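Residues per chain, in single letters:
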Amino acid sequence: MNGTSFQSDIRYWLRQGNTVNHLLLWNIIIFLGIKTLEVIQTFSPGNTAFAWTFEQLALHSHPGTFLIKPWGLITYMFTHVGIFHIFFNMLNLYWFGNLFRGFLGNRRILPLYLLGGIAGGVLYLLCYNLFLGSTDAVMIGASASVMCILVACATLMPNYEIGLLFLGSIRLKWLALALIVLGLVSIPQGNLGGIISHMGGALLGFFYIRILQNGTDLCKPLIWLFDAETRAESKKRQARFKPKKSPLKVVKKPDDNNQLKLDQLLDKINEKGYHSLSAEEKAWLDKVSKEN
C-alpha cells in the first residue's frame, strides 16, 4: 500500500479550487489540535494548554476581555470542541457551501463565511452587553457562518428542493424558516449565545442576497483582498478604460463599440453571474458569439 496516498488525496482535494474544501480542512485541523490538548489535560490535570488555547480562540462577551482578545471575532468561527457540533456544522457547510458556490461562484464563499460569522458575533456581543449584563460568556463554532450561507441559498433560490433523510424533498425556504423558528423557540432551553449568533448570520445571509440582487456585492472588498486574479483584472480594467488626455474628440468605430459592450457584459457575468444579464443582453451576447 502506498504510504503517501492519504497525503496525495488531501493535496488533490485542495487543488480542486474549491474554497469549501479549504474551510472544512481548517475547521477539522483546529478541532483535532484542541481535542489533542484536551486529552493531554485529562491525563495531566495540571496542564493548562487546553484552557489557555480555548480562551484565546473563543469570542468573549465582556467588553474588557474582548478588547484584549479582539481576534476572537474571527477565530471563534473556526473553533469546535464537541464532536457533534463540528460534525453537523461541517456537514451543512459542505452541502450548502457547494450549493451556493454552484450558483454564485467560488470567490464569494470565504468572504460570506467571514461576514456571516462576524455578523453573528457582533449581534452576540450587542445582546449580551445591552440586555443580558456584562458577564464574560464565551462562544465558539461555525454555526453563524453556516446559517448565513444556508439562508443566502434559500433567499436566492427559495423553491430549490433538497432531499432529507426521513423527510423527503423539501424546499430551501421552508428548511431555513424551520431552522430559524426552532432556534427561537429553543431559547428557554439554553445556548442563548449560539442562537443569537445564528440569527445574526441568518440576517446577513438574507440581506446579502437582497442587496446583491439590487446590484451591490457586500463581498466585493473581501473578494478583491483574497483573490489575486480579481486584483489583476481590476488593474487591467482600469488601464483599459483610462481616458487619454487629448483635446480631440474620439469617435469610436462600430467594432470598438461592440468590443466595449462585450467587455462590459463579461465583467458583469464575472462579478454577478450569467443570471444577472437581461434578456436583451443574453440575446446580444449569443448573437456576437455566433458571429465570431
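Residues numbered from 1 in each chain as written. Predicted model: local features only at pLDDT ≥ 70, side-chain atom pairs only at ≥ 80, totals over all residues. Heavy atoms only, no water.

What should I look at first to understand helix 6 (residues 83-104) in this one?
A turn of α-helix holds 3.6 residues, and therefore any two residues three or four places apart point the same way. The terminal C-alpha atoms of helix 6, which comprises 22 residues, lie 31 Å apart, in line with the 32 Å expected from a rise of 1.5 Å per residue. Every buried residue belonging to helix 6 is among Ile86, Asn89, Met90, Leu93, Phe96, Gly97, Leu99, Phe100 and Leu104, and all of these are buried. Just downstream of helix 6 lies glycine 105, where phi reads positive at about 95 degrees. (Helix = DSSP H or I, 4+ residues; strand = E, 2+ residues; numbered from the N terminus. Expected span 1.5 Å × (residues − 1). Buried < 20%, exposed > 50% of the residue type's maximum accessible area, 1.4 Å probe, protein only.)

Got a minute to help me understand the pattern of salt bridges in this structure?
Pairing between side chains of opposite charge can happen when the charged atoms of each approach one another. Tallied over the full model, the rule gives 3 salt bridges. With a shortest N-O distance of 2.6 Å, glutamate 38 and lysine 35 are connected by a salt bridge. With a gap of 3 residues between them, glutamate 38 and lysine 35 both fall in helix 2 (residues 19-43), about one helical turn apart. Since its relative accessible area comes to 23%, glutamate 38 is described here as partly exposed. (Salt bridge = Lys/Arg side-chain N within 4 Å of Asp/Glu carboxyl O.)

Explain helix 2 here, please?
When the terminal C-alpha atoms of helix 2 are compared, their 37 Å separation across 25 residues agrees well with the 36 Å that a helix rising 1.5 Å per residue should span. If you check which residues of helix 2 are buried, you get Thr19, Val20, Asn21, Leu23, Leu24, Leu25, Asn27, Phe31 and Ile34. Structurally, the start of helix 2 carries an N-cap: the backbone nitrogen of valine 20 is 2.9 Å from a side-chain oxygen of asparagine 18. (Polar contact = N/O pair within 3.5 Å; in protein donor to acceptor, adjacent residues only side chain to side chain.)

Any chance you could explain the environment of leucine 112 here in plain terms?
You can see leucine 112 is positioned in helix 7 (residues 109-130). With a relative accessible area of 0%, leucine 112 lands in the buried category. Counting along the chain gives 92 residues from leucine 112 to leucine 204, while the straight-line C-alpha distance between them is 8.8 Å. Apart from the residues lying within four places of it in its own chain, the contact partners of leucine 112 are Phe100, Cys148, Ile149, Ala152, Leu204, Tyr208 and Cys219. (Contact = heavy atoms within 4.5 Å.)

For this particular structure, what's the right way to read the confidence of the model for the protein chain?
Overall, the predicted model of the protein chain reaches an average pLDDT of 83, with 78% of residues at or above 70. Helix 13 (residues 254-272) is the least confidently modelled element of the protein chain, averaging 65 in pLDDT, while helix 5 (residues 72-75) averages 96, the highest of any element. (pLDDT = per-residue confidence, 0-100.)

Just to check I follow, could you spell out the nonpolar core for this structure?
Side chains of a nonpolar character, in soluble globular proteins, are inclined to be buried together. Core analysis: the biggest nonpolar cluster contains 52 residues, and Leu93, Phe96, Phe100, Leu112, Tyr113 and Leu172 have the highest contact counts within it. Going through the elements one at a time, helix 2, helix 6, helix 7, helix 8 (143-156), strand 3 (161-164), helix 9 (172-185) and helix 10 (192-213) are the ones with two or more residues in this core. Broken down by element, the residue count for this core peaks at 10 residues, all from helix 8. Aside from chain neighbours lying at most four places away, what touches phenylalanine 100 is Gly105, Arg108, Ile109, Leu112, Ile149, Ala152, Cys153, Tyr208 and Ile209. Ile34, Phe50, Ala58 and Val81 belong to the second largest nonpolar core, which has 6 residues in total. (Core = buried A, V, L, I, M, F, W, Y, C linked by side-chain atoms within 4.5 Å.)

Quick question: what am I supposed to make of the side chain of serine 197 here?
Note on placement: serine 197 falls in helix 10. What makes serine 197 buried here is its relative accessible area of 3%. Sequence-distant contacts of serine 197, that is, excluding residues within four places in its chain, are made with Gly120, Met139 and Ala144.

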